[in-house]
Amino acid sequence: MPDVFVNYRTGDVENAATMIARELSRRFCDERIFFASNSIEAGRRFPVELIRAMEECQALLAVIGPRWAEVQGADGRPALEAEQDWTRREIQTALDRGILVIPVLVGKATRIDPSVLPEDLRELADCQYRRFDHRNAESDLTSLGDTLARLLPELGEADRDARAARERAGANSRKKSDRAAGHTKSRTRDVEQRVRGGIGNLNGDLGTFVNEPQGPVNTGRGHQYNAPHFQGDNTGVQFTAGDNSSTVHQRFERKSRRSDDGR
């Protein structure tokens, strides 16, 4: 079932209508965009297929160029004046159904003048329009597609461009996460190597770790931690430890093996 019916007049701006239909079909898939020359299979009854599509679609794009109201029919009169003119009938059916009707003004086409419209199409002049210019084809087609995706939620769910954009955003997010994780691992390895070497900056802010009682003085934030150190001879052992603010010394005397009486 088509969501969007592309209406146009032969002899006016068929090339623009073809570009619009082709781009919308690419973005939302062929089945959701009705364009008579592409959507009606060989051998099918033209009037029946047009009526069916008009009754099923959720929006109609009326592609209007500078000659839209001037193109003449077989009788030499403006085709728009004939009640059986298919371009006119398609728009009239969409207006009668109360569905979304968007005039697409192409090139030098100006805002629709109600005075040139048949009575049953006068409402078309009140519909907010969009513009399409070959010089801005890419941006105009994107804007038109975005409008349809926003106004027709079911069509928006089939939006291939939106899906591709979400996939790119997800891939970029994963790449950033991987880079951040790699940076964290690198910093962790660097800290571990520096600590094993005897001195290291812990987490950038915690201070300086020194595994000897003599070492650099911490000049950053945090405490300097000096690992305990034991030294001495056969008479005793001295224990030394401390931080930036103080150092603790304690001496442990070794008991003599001799008794008090010298034996």
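Keep in mind the model is a prediction, meaning the values are calculated, not measured. (Residues numbered from 1 in each chain as written. Predicted model: local features only at pLDDT ≥ 70, side-chain atom pairs only at ≥ 80, totals over all residues. Heavy atoms only, no water.)

Participant: What exactly am I supposed to notice about the overall build of the protein here?
Facilitator: In terms of regular secondary structure, the protein is built from seven helices and 10 strands. By residue count, 34% of the 263 residues in the protein fall in the buried class. In the protein, the share of contacts with a sequence separation of at least 24, taken over all contacts with a separation of at least 6, comes to 57%. Working note: accessible area of the protein is about 16800 Å², and carbon and sulfur atoms make up 48% of it. (Helix = DSSP H or I, 4+ residues; strand = E, 2+ residues; numbered from the N terminus. Buried < 20%, exposed > 50% of the residue type's maximum accessible area, 1.4 Å probe, protein only. Contact = heavy atoms within 4.5 Å. Areas by Shrake-Rupley, 256 points an atom, 1.4 Å probe, with all protein chains shown as cover.)

Participant: I tried to follow unusual backbone geometry on my own but got confused; where do I start?
Facilitator: A negative phi angle characterises most non-glycine residues, just as the trans form characterises most peptide bonds. We note that Cys29 has phi near 90°; this positive angle belongs to a residue other than glycine. Residue class for Cys29 comes out buried when judged on its relative accessible area of 16%.

Participant: Please explain the sheet that holds strand β2 (residues 33-34) as it appears in this structure.
Facilitator: As a general point, the strands of a sheet are linked pairwise by backbone hydrogen bonds and lie either parallel or antiparallel. If you walk across this open sheet you meet the five strands as β2-β1-β3-β4-β5, and the pairing is parallel. The outermost strands of the open sheet, each flanked by one partner alone, are β2 and β5 (130-132). Note that strand β3 (residues 59-64) and strand β4 (residues 100-106) share six bridges and pair parallel. In the strand pairing of β4, Ala59 is matched with Leu100. In this fold helix α1 (residues 14-28) packs onto β1 (4-7), β2, β3, β4 and β5, with an angle of close to 150° to the strand it touches most, β3. (Pairing = 2+ DSSP bridges. Axes fitted to C-alpha atoms, helices over the stretch in contact; angles between N-to-C directions.)

Participant: So what exactly am I meant to see when it comes to the packing of aromatic side chains here?
Facilitator: The geometry of an aromatic ring pair is captured by the separation of the ring centres together with the interplanar angle, meaning the angle of the planes. In total, this model carries three aromatic pairs according to the counting rule given. Here Phe46 and Trp86 contribute two aromatic rings whose centre-to-centre distance is 6.3 Å and whose plane-to-plane angle is 85°, an arrangement assigned as edge-to-face. Linking Phe46 in helix α3 (residues 46-56) with Trp86 in helix α4 (residues 86-97), this pair joins segments that are 40 residues apart in sequence. A residue is classified by how much of its surface remains accessible, and Trp86, at 23% relative accessible area, is partly exposed. Lying across the ring of Trp68, Arg9 places its NZ or CZ 6.0 Å from the centre. Sitting over the face of the ring of Trp86, Arg89 holds its NZ or CZ atom 4.1 Å from the ring centroid. (Phe/Tyr/Trp six-rings, centres within 6.5 Å; stacked < 30°, edge-to-face > 60°. Lys NZ or Arg CZ within 6 Å of the ring centre and 35° of its normal.)

Participant: Help me understand the environment of Lys108 in this model?
Facilitator: As for its placement among the helices and strands, Lys108 is situated in the loop between β4 and β5. Between the alpha carbons of Lys108 and Pro66 there is a distance of 6.1 Å; along the sequence they are 42 residues apart.

Participant: Is there a simple way to explain the confidence of the model for the protein in this structure?
Facilitator: Low pLDDT means the predicted atomic positions in that stretch should not be read closely. Summing up the model confidence of the protein, the mean pLDDT is 81 and the portion of residues at 70 or higher is 69%. A low-confidence stretch, residues 256-260 (pLDDT under 50), is modelled with one contact involving residues beyond four sequence positions or located in other chains. (pLDDT = per-residue confidence, 0-100.)

Participant: When you look at helix α5 (residues 137-151) in this model, what are you seeing that I'm missing?
Facilitator: Each α-helix winds once per 3.6 residues, and so residues spaced three or four apart point in a common direction. Its 15 residues place the ends of α5 21 Å apart at the C-alpha level, agreeing with the 21 Å of an ideal helix rising 1.5 Å per residue. Of the positions making up α5, those classed as buried are Ala137, Asp140, Leu141, Leu144, Gly145, Thr147, Leu148 and Ala149. Elements in contact with the buried residues of α5: β1, α1, β3, β4, β5 and α6 (153-157). (Expected span 1.5 Å × (residues − 1).)

Participant: Would you take a moment to explain the pattern of salt bridges for this structure?
Facilitator: As a working rule, side chains carrying opposite charge can pair if their charged atoms are close by. Evaluated as defined, the whole model comprises 14 salt bridges. Asp161 is the partner of Arg26 in a salt bridge, and the nearest nitrogen-oxygen pair spans 2.8 Å. Within this pair, whereas Arg26 is found in helix α1, its partner Asp161 is found in helix α7 (residues 160-196), the two being separated by 135 residues in sequence. Judged by relative accessible area, Arg26 falls into the partly exposed class, the value being 38%. Residue classification places Asp161 among the partly exposed residues on the basis of a relative accessible area of 28%. (Salt bridge = Lys/Arg side-chain N within 4 Å of Asp/Glu carboxyl O.)

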